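# Inside the fold
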Amino acid sequence: MSTLRLLGVGWYFQFKMILRSPFDGIGNVLYPLFFATTALFVFRAGQSPRTLVYASLGAAVMGMWSSVSTSAGSAMQRERWWGTLELLVAAPRHFSLVMLPATLGLATVGIYNLAATLLWGHFVFGIPLTITHPLLFALSVVGTVLAFGGLGLLFAVSFVRFRAAWVLGNFFEYPVWLVCGFLVPLALLPGWVRPISWVLAPTWGMSAIRESALGGTPLPDLLLCLGLGAAYVALGVLVTDRVLYDARGRGTLSLT
Amino acid sequence: MAAIEAHELCRTYKTHTGTFRRRTKEVEAVRGVSFTIEPGELFGLLGPNGAGKTTTIKMLITLLIPTAGSARVLGLDVVKDAREVRKRIGYVFGGERGVYERLSGYDNLRYFAELYGVPPKLQKPRIEELLELVGLKGREHERAEGYSRGMKQRLHVARGLLHDPEVLFLDEPTIGLDPVGARELRSTIASLTAAGKTILLTTHYMFEADALCDRIAVISKGSIVAEGTPADLKRGVGQGSVLEVEVYGVDEETIEQVRRLGGVLAVSVEEREQAQVLVVQTQAEVELTSAILGHLNGGQVGRISQREPTLEDAYVALVTEE
Ligand SMILES: Nc1ncnc2c1ncn2[C@@H]1O[C@H](COP(=O)(O)OP(=O)(O)O)[C@@H](O)[C@H]1O
Ligand SMILES: [Mg+2]
């Protein structure tokens, strides 16, 4: 109970800070529109409306992913810079319960990305906004946000250990677009890529969102997405202790 | 049971230099520091910049693992029982960092109240009480980025007290504050000991340690060089004498020559308004005025005066000893 409360309160304040950050703000407002425009230009030529919805949903999740992958690491760097990282570590609650709300906050920004992309596609490119299973669609979006938050936790933890881990986040930004089928169907990828796609929650989140919007069976995808997300969180929590012990040994929690 | 026990604490840092040929350098920041602080005591760790004060505190508050030695806070080991230690201690450092500038002072406290496990029902009254204590009432809903240095520092103190910790660690809390702000903060600190808290305070201001602390340990280059009540430390310097000579530019070599004179205990140079003052501490029975002036030969010399040593002189002598 108190754990849920901590997650909730942490999410609230982290999200409040993200909304108040001018730099993140501009990036978050513009990037998704940029992705959407690119994706829609690529897919526009002679395609059915269905393909365009497919592409705009992909662009939407791309924006969500970019927000998490590039910001999770730098969020920790910012805490270090602000001098608050040490205060968070010195607090009695488990540090992963402090980091998770921060990465969930970043993933939540993705909901804006999704809405902005779909509206942009609708008003600028005239793509219909029909969603076959609205409730399942909403659930799929929330599930994807949660799983992205869990994956962000892994980035954040590794960042506390390796200062250069923001590179890791940026490095993962683009391959995931491809490997998780944001732009092209997984069926088009070489066979050896499949297993990688399967263990990445974004693959299933993406699929659940598309199935619920275009009509299909999103539930299995959603469950897989949530299951993998939970596995990331569990792994993150386990690794956190190890990473913190290491950071305390090396003295890397502060800036000096 | 002692509130804080440090036993032969050591800490080295490894730093890397060079991009292609990486060399590792070791810095021995703390070299075998021991002390015991009783419940309810205000203990001062006094030393110049780089002496190892922050490093010592960070080992005690579980942010750094000692390279050697051990420490207990309220009987709990700072490495093995880190989580239990964290529940019972508060940590405040000086300067402007450590505050979420994009949140209001009030939200900063709400967030940390949650992190420190303050029961939800108690959070509101506790925060109100602390805002009152540190004098931020009325400004708590403004974003912290607009706060003055002093206000941020007071927000820090309130944060450190949220969970009503038995032991408080204050790392140079008055650094960068104007004199009035610093005095107010000192009186807040004094009121905390009156309320029964155990406090470890670090500072590089002699007078601050003298005014606040029950006991002081002087730390220099990672080792404790003296320990006792302010009165003990003063007694240690009672016998000597201090000669102050106004000079207008004095080089390192001259200072070194004066330092080597027989009967000289310590030499330092203080910058005052228009001149530098060479402060020479000597043993009581020797008369060195003419010898010192001899070494200053050539340079311009202003007023010369002789006085009794103060606690400040004792401190300077301790931390400049080779
Ligand atoms: N993270 C670090 N990495 C390398 N050296 C450090 C680090 N932190 C402190 N030091 C060095 O250790 C010594 C003691 O520093 P510190 O404990 O901060 O002193 P103080 O708080 O008394 O000013 C200094 O020489 C400082 O440069
Ligand atoms: Mg310091």
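What counts, and at which threshold
Residues numbered from 1 in each chain as written. Chains lettered and ligands numbered in written order. Predicted model: local features only at pLDDT ≥ 70, side-chain atom pairs only at ≥ 80, totals over all residues. Heavy atoms only, no water. Helix = DSSP H or I, 4+ residues; strand = E, 2+ residues; numbered from the N terminus. Polar contact = N/O pair within 3.5 Å; in protein donor to acceptor, adjacent residues only side chain to side chain. Contact = heavy atoms within 4.5 Å. Buried < 20%, exposed > 50% of the residue type's maximum accessible area, 1.4 Å probe, protein only. Pairing = 2+ DSSP bridges. Salt bridge = Lys/Arg side-chain N within 4 Å of Asp/Glu carboxyl O. Axes fitted to C-alpha atoms, helices over the stretch in contact; angles between N-to-C directions. pLDDT = per-residue confidence, 0-100. Domains from an automatic or database assignment. Buried area = accessible area lost by both parts, 1.4 Å probe. Nonpolar A, V, L, I, M, F, W, Y, C, P; charged D, E, K, R; others polar. Core = buried A, V, L, I, M, F, W, Y, C linked by side-chain atoms within 4.5 Å. Lys, Arg positive; Asp, Glu negative; His and termini not counted. Expected span 1.5 Å × (residues − 1). Bend = angle between axes of the 7 residues up to and from the residue. Phe/Tyr/Trp six-rings, centres within 6.5 Å; stacked < 30°, edge-to-face > 60°. Lys NZ or Arg CZ within 6 Å of the ring centre and 35° of its normal.

With that settled, the discussion passes to the side chain of Thr240(A). Residue and element names in this part refer to chain A. Topologically, Thr 240 is positioned in helix H10 (residues 218–250). There is a polar contact of 2.6 Å between the side chain of Thr 240 and the backbone oxygen of Gly 236. Discounting chain neighbours no more than four positions away, the residues touching Thr 240 are His 94, Phe 95, Ser 96, Met 99 and Val 157.

Residues and elements named next belong to chain B. In terms of residue burial, strand S6 (residues 89–93) counts as a mostly covered element, since five of its five residues are buried. Here S6 pairs with strand S7 (residues 167–171) via five bridges, running parallel. Its bridge partner lying in S7, Phe 93 is registered against Asp 171.

Let us look at the pattern of salt bridges. Pairs can form between side chains of opposite charge once their charged atoms are near each other. Residue and element names in this part refer to chain B. Scanning the entire structure with this criterion turns up 26 salt bridges over all chains. Two residues, Arg 307 and Glu 244, come together in a salt bridge whose shortest N-O distance is 2.8 Å. Note that Arg 307 is positioned in strand S14 (residues 301–307) and Glu 244 in strand S11 (residues 241–247), a separation of 63 residues in sequence. Exposure remark for Arg 307: the relative accessible area of 27% places this residue in the partly exposed category. For Glu 244, a relative accessible area of 11% corresponds to the buried category.

Once that is clear, we can look at the pairing of strand S4 (residues 68–73) of chain B. Residues and elements named next belong to chain B. Across five bridges, the pairing between strand S1 (residues 4–17) and S4 is antiparallel. Looking at the pairing, His 7 lines up with Ser 70 of S4. As paired strands, S4 and strand S5 (residues 76–77) are joined by two bridges and run antiparallel to one another. The partner of Arg 72 across the bridge, within S5, is Asp 77.

All names here are of chain B. What the six strands build is an open sheet, ordered S6-S7-S8-S3-S9-S10; its pairing is mixed. Every other strand in the sheet has two partners, leaving S6 and strand S10 (223–228) as the edge strands with one partner each. In this sheet, adjacent strand axes meet at a mean angle of 15° when their direction is disregarded. The sheet contact formed by strand S3 (residues 42–46) and strand S8 (residues 198–203) spans five bridges and is parallel. Following the sheet pairing, Gly 44 is matched in S8 by Leu 201. Here helix H6 (residues 179–194) sits on the sheet and contacts S3, S7 and S8; the angle it forms with S8, its principal contact strand, is near 155°. Against the sheet, helix H11 (residues 311–320) makes contact with S3, strand S9 (215–220) and S10, and its axis sits at roughly 35° relative to S9, the strand it touches most.

Residues and elements named next belong to chain B. Looking at chain B, pLDDT values average 88 and 97% of them are 70 or higher. Helix H8 (residues 230–237) is the least confidently modelled element of chain B, averaging 77 in pLDDT, while S5 averages 96, the highest of any element. Scored as a complex, the prediction yields pTM 0.85 and ipTM 0.86.

What follows is about the domain arrangement of chain B. Residues and elements named next belong to chain B. Looking at the assigned domains, one finds that chain B contains domain 1 (4–228) and domain 2 (237–319). One C-alpha centre belongs to domain 1, the other to domain 2; they are set 35 Å apart. In this assembly, twelve residues from domain 1 lie in contact with five residues from domain 2. Across the domain 1/domain 2 interface, buried area totals approximately 680 Å², and carbon plus sulfur atoms make up 74% of it. Counting the contacts that link domain 1 with domain 2 gives zero residue pairs in polar contact (both at pLDDT 80 or more). The set of elements that each furnish at least two residues to the side of domain 1 that touches domain 2 consists of helix H7 (206–212), S9 and S10. Of the residues forming the side of domain 1 that touches domain 2, the biggest block, three residues, is contributed by S9. Residues that form the side of domain 1 that touches domain 2 fall into these classes: seven nonpolar, three polar and two charged.

Ranked by size, the top nonpolar core spans 109 residues in total, and within it Met76(A), Phe95(A), Ile4(B), Phe35(B), Phe169(B), Leu200(B) and Val218(B) carry the most contacts. For this core, the element with the highest residue contribution is helix H5 (residues 95–125) of chain A, accounting for seven residues. For this core, the domains that each give at least three residues are domain 1 (4–228) and domain 2 (237–319) of chain B. When residues no more than four places from it in sequence are discounted, the contact partners of Phe169(B) are Ile4(B), Ile57(B), Leu60(B), Ile61(B), Val73(B), Ile89(B), Gly90(B), Tyr91(B), Val92(B) and Leu200(B). Counting residues in hydrophobic clusters, the runner-up holds 52 residues, among them Ala60(A), Ala107(A), Leu114(A) and Phe137(A).

Moving on, we come to the side chain of Arg93(A). Topologically, Arg93(A) is positioned in the loop between helix H4 (85–90) and H5. As a buried residue without a salt bridge, Arg93(A) has its nearest oppositely charged side chain in Glu114(B), at a separation of 5.4 Å. Beyond its immediate chain neighbours, meaning those up to four positions away, Arg93(A) contacts Ser2(A), Thr3(A), Leu6(A), Glu114(B) and Leu115(B).

Contacts between the two partners involve 32 residues from chain B, matched on the other side by 36 residues from chain A. The contact between chain B and chain A buries some 3,400 Å² in all, and 59% of this surface belongs to carbon and sulfur atoms. Counting the contacts that link chain B with chain A gives three salt bridges. For Lys58(B), the salt bridge goes to Glu86(A), with nearest N and O atoms at 3.0 Å. Linking chain B to chain A there are 17 residue pairs in polar contact (both at pLDDT 80 or more). Contributions of two or more residues to the side of chain B that touches chain A are made by helix H2 (82–88), S6, helix H3 (105–115) and helix H4 (120–134) of chain B. In terms of residues, the side of chain B that touches chain A owes the most to one element, H3(B), which gives six residues. For the side of chain B that touches chain A, a count of residues per class yields 16 nonpolar, four polar and twelve charged.

A word on H10(A). Residue and element names in this part refer to chain A. Taking 1.5 Å of rise per residue, the 33 residues of H10 would be expected to cover 48 Å, and the 46 Å separating its terminal C-alpha atoms lies within 8% of that figure. Considering bend angle alone, the principal kink of H10 is centred on Thr 240 and spans about 30°. Positive backbone phi, approximately 70°, marks Gly 251, located one or two places after H10.

Okay, helix H3 (residues 49–82) of chain A next. Residue and element names in this part refer to chain A. When the terminal C-alpha atoms of H3 are compared, their 48 Å separation across 34 residues agrees well with the 50 Å that a helix rising 1.5 Å per residue should span. The largest bend in H3 is about 40°, located at Ser 71. Most of H3 sits out of view: 26 of its 34 residues are buried. The positive-phi residue at the C-terminal boundary of H3 is Gly 83, with phi of around 80°.

Turning our attention to the packing of aromatic side chains. Here a ring pair, both rings aromatic, is described through the centre-centre distance and the interplanar angle of the planes. Counted according to the given criterion, the structure contains 13 aromatic pairs over all chains. Centre to centre, the rings of Trp65(A) and Phe148(A) are 5.4 Å apart; their planes meet at 75°, and the pair counts as edge-to-face. Taken together, the positions of Trp65(A) in helix H3 and Phe148(A) in helix H6 (residues 134–161) put the pair 83 residues apart, joining distant regions of the chain. For Trp65(A), a relative accessible area of 0% corresponds to the buried category. A residue is classified by how much of its surface remains accessible, and Phe148(A), at 1% relative accessible area, is buried. Judged by centre distance (5.8 Å) and plane angle (55°), the ring pair of Tyr111(B) and Phe112(B) falls under tilted. Given the relative accessible area of 1%, Tyr111(B) is considered buried. For Phe112(B), a relative accessible area of 1% puts it in the buried group. By the ring-pair criterion, three or more aromatic residues cluster together here, those being Tyr12(A), Phe13(A), Trp82(A), Tyr100(B), Tyr111(B), Phe112(B) and Tyr116(B). Arg210(A) extends its terminal NZ or CZ atom over the ring of Tyr54(A), reaching a point 3.6 Å from the ring centre. Seen from the ring of Phe112(B), Arg159(B) lies directly overhead, with NZ or CZ sitting 5.6 Å from the centre.

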